[in-house]
Amino acid sequence: MAESEIQRINSAITAVFPDLPVAVLNSVVDTLNALGAETTDDLQYITEGDLLPVLKPVQARRLVVSWAQNNSAAPIPTSVCPSPVSICSNPPASSPSPASTTSTSSSPGGSSTFHPDWIDNFQIPWQKLPEELLQSLERQKRPSPRLRREMIRIVASEIMKVCSNPTKRNTTEIGKRMVAKYPKSLQDVIEGDVVGPGYHSLAKQLQARVDNVKRPNTPKIKKRKPASDGYDTEEVPAKQKASVQDTYGCVNWELKYLPLSETGDSQQEKKEKLKMFQEMNYNTDDMKKLVQSTFYTQRKDINKGTSIRQLTQEWPFLFNEAGMAAHFQELTGVSLMECFLANVDKKCRRLLSFLKSVDAPKHKQVQDAFIKFQTERGQLDGCSGDIIQMVLLLLAHFGEKEENLFHYVDTTCLAQEVLTEKLPATPCIIVCGSSCFTAGTFMLSIDQEVVNDHITSFIHAFCLLFGSYYCFNIHYPVELRSTLEFFQRSECPE
């Protein structure tokens, strides 16, 4: 594409968005070039979907509508260029671009000034990539795994110079721009078909590299210790204990300071008040306020490795619906129950339809499970029945065993009668009955301890199970990682 045509296309974009950051502008131009738009006359054939990899939906619509109305966008005179970006033919020498300002402020040896909008002005360091890799990209060839890893390291290094703690959204945006510039070389493709939006694997590699670089500065967590010898019940061996995980997905994993309005004595007083709440009817709003004000102490106890048994004594409310929901929201910024139900409402029926009509004919284990659950479900209708069936069919789809997630006991079984040695170390739902569809009561166990013995809804039981992985720093078990990861991404997104 000729330089003059590039300037005209730049002008056609900035005529609609005069304040568009340079990095985004360049990504749009690269995308148009990859699509074959060589002149401004070609812009009338661009669709909204063509621009979605690099622009927000409303921005893409505005550009397409503007170009369709004008058929060809007229270039903007350079004398009225609204901001000192690269589209100006003669930018003032004394007015540095936003990109150069960011680079200066974020140089390795300079100050650590942080700009919240750094992602808009971030320049992908193509010029620092090895010559062999650049040749592959320019010739639209897939780079080797070695060269791709080298590219990830270089780009992640540049990101960390600008922002020491980039978010998943930041790395996803950068991965999206990289794929937009070289789609043939970097897009996610299987047998000629683009997988999803095409940039997920690159974004995940960038985020993984950033997490590895940050690892030395990530606070460590101690594993929970077995309870003291004073207990006469058999302890779970340490290596069978649920492993702990890092801070992924949390916004308040460890608070550095006690709130200014709090003291050690006030925290203890509120802690005792919460214990009293557990034994009587309480107001949910009062519970939330107490959770928020004592959250610092709760996280300190959890993160130092306090055993589940001791936590049930010190913070019993953490294991009921209201208490865990309040703690989870402080920890992750997400309302667990509301988010889960909202996503289930959107996706559950469609997912069940896929599992029944598409997946079941291809996989015998899913077909067998579907027939079995249809019989067990009987007359149970509504959201609860759909969710139970969805969970059980997903276990069958991923080839993961039901007994790793559910433990069945008699309908009249009490908490003290549960054979805890048969329970998994990781969170498990104890079903009081022969089927999830017919059971009226559920229990929750963690580290082979029954922590809640009266849950009347499967939805509440499942949300408590899912929330406990986050609240108590527990890894997904290998035996259930696919099912739980699926729910994390689709039903309870971060």
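Residues numbered from 1 in each chain as written. Predicted model: local features only at pLDDT ≥ 70, side-chain atom pairs only at ≥ 80, totals over all residues. Heavy atoms only, no water.

Trainee: Tell me about the side chain of aspartate 359, residues and numbers included.
Mentor: Among the secondary structure elements, aspartate 359 is positioned in helix H16 (residues 336–362). One buried charged residue, aspartate 359, remains without a salt bridge, the closest side chain of opposite sign being lysine 362 at 6.8 Å. Polar contacts involving the side chain of aspartate 359 include one to the side chain of histidine 363, which spans 2.8 Å. With residues near it in sequence (within four places) discarded, aspartate 359 still touches Phe354, Val366 and His397. (Helix = DSSP H or I, 4+ residues; strand = E, 2+ residues; numbered from the N terminus. Buried < 20%, exposed > 50% of the residue type's maximum accessible area, 1.4 Å probe, protein only. Lys, Arg positive; Asp, Glu negative; His and termini not counted. Salt bridge = Lys/Arg side-chain N within 4 Å of Asp/Glu carboxyl O. Polar contact = N/O pair within 3.5 Å; in protein donor to acceptor, adjacent residues only side chain to side chain. Contact = heavy atoms within 4.5 Å.)

Trainee: How would you sum up the pairing of strand E6 (residues 449–455)? Please name residues and give values.
Mentor: On any regular strand, side chains alternate: one points to one face of the sheet, the next to the other face. Across four bridges, the pairing between strand E5 (residues 442–446) and E6 is antiparallel. Note on E6: the bridge partner recorded for isoleucine 446 is glutamate 449. Here E5 hands over to E6 after two residues, with aspartate 447 in that stretch at a positive phi of 50°. (Pairing = 2+ DSSP bridges.)

Trainee: Break down the packing of helix H17 (residues 364–377) against helix H18 (residues 383–397) for me, citing the residues and quoting the values.
Mentor: Each pair of packed helices can be summarised by the angle the axes make with each other and by the distance between the axes. Across the interface, H17 lies against H18 with an axial gap of 9 Å and an inter-helix angle of 155°. If you check the angle between H17 and H18, you find them roughly antiparallel. Between H17 and H18 lies a crossing whose hand is right-handed. Side by side, H17 and H18 meet where Gln365, Val366, Ala369, Phe370, Phe373, Gln374 and Arg377 of the first sit next to Gly385, Asp386, Gln389, Leu392, Leu393, Ala396 and His397 of the second. (Axes fitted to C-alpha atoms, helices over the stretch in contact; angles between N-to-C directions. Parallel < 35°, antiparallel > 145°, perpendicular 65-115°, else oblique. Left-handed = near helix turned anticlockwise from the far one by under 90°.)

Trainee: I'd love a proper account of the sheet that holds E5, names of residues and values included.
Mentor: Consider a sheet: its strands pair through backbone hydrogen bonds, and that pairing is either parallel or antiparallel. Reading across from one edge, E3-E4-E5-E6 is the order of the four strands in this open sheet, with mixed pairing throughout. With one partner strand each, in any of the chains shown, strand E3 (406–409) and E6 form the two edges of the open sheet. Neighbour-to-neighbour, the strand axes of the sheet open up by a mean angle of 25°, direction not taken into account. Lying over the sheet, helix H19 (residues 458–471) contacts E3, strand E4 (428–432), E5 and E6, oriented at roughly 10° with respect to E5.

Trainee: Before we move on, can you summarise the pairing of E5 with the specific residues and values?
Mentor: In terms of burial, E5 is largely enclosed, as five of its five residues are buried. Burial along E5 is two-sided: Phe442, Leu444 and Ile446 and Met443 and Ser445, pointing in opposite directions, are all buried. As judged from the four bridges shared by E4 and E5, these two strands associate in the antiparallel manner. Looking at the pairing, cysteine 428 lines up with serine 445 of E5.

Trainee: Explain the packing of helix H9 (residues 168–181) against helix H11 (residues 200–214) to me, and be specific about the residues and the numbers.
Mentor: With their axes 8 Å apart at the nearest point, H9 and H11 run at an angle of 135° to one another. With respect to H11, the axis of H9 lies oblique. The two elements H9 and H11 meet at a crossing, and its hand is right-handed. Judged by residue contacts, Lys168, Thr171, Thr172, Ile174, Gly175, Met178 and Val179 of H9 engage Leu202, Ala203, Leu206, Gln207 and Val210 from H11. Residues of the contact of H9 with H11, tallied by class, amount to seven nonpolar, four polar and one charged. (Nonpolar A, V, L, I, M, F, W, Y, C, P; charged D, E, K, R; others polar.)

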